[in-house]
Amino acid sequence: MTGDRCSAKGCRADGTWQLRWNNPSLHTPDRRKVWLACEEHKASLSQFLSMRGFLREVEPHGK
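How each quantity is defined
Residues numbered from 1 in each chain as written. Predicted model: local features only at pLDDT ≥ 70, side-chain atom pairs only at ≥ 80, totals over all residues. Heavy atoms only, no water. Helix = DSSP H or I, 4+ residues; strand = E, 2+ residues; numbered from the N terminus. Expected span 1.5 Å × (residues − 1). Buried < 20%, exposed > 50% of the residue type's maximum accessible area, 1.4 Å probe, protein only. Arc of directions from axis to C-beta. Contact = heavy atoms within 4.5 Å.

The name recorded for the chain in an unreviewed UniProt entry is Acetone carboxylase, from Arsenicicoccus cauae.

Put into structure tokens, the structure is as follows:
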């Protein structure tokens, strides 16, 4: 593990998942931004991005 932290506000856990996303009104289709998520916040952060139509892929972090 690289020591990268979860992107959830106030979370200090290691991010074990990459939530790869883009905002189609700002980014080209091939551009990906990455939020990291721990197990506890994977679902809530994924839902946040999905509700906005931004989530593209979810992959393990550090593979």
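From this point on, the discussion continues.
(A) Local environment of helix 1 (residues 39-51). The terminal C-alpha atoms of helix 1 lie 19 Å apart, and with 13 residues this matches the ideal 18 Å at 1.5 Å per residue to within 8%. Three or more residues of helix 1 are buried, namely His41, Leu45, Ser46 and Leu49. Looking straight down helix 1, one finds that the buried residues subtend no more than 135 degrees of arc, so they occupy a single side. Among the exposed residues of helix 1, those oriented more than 90 degrees off its buried face are Glu40, Ala43 and Met51. Contact partners of the buried residues in helix 1: strand 1 (17-21), strand 2 (33-37) and strand 3 (55-60).

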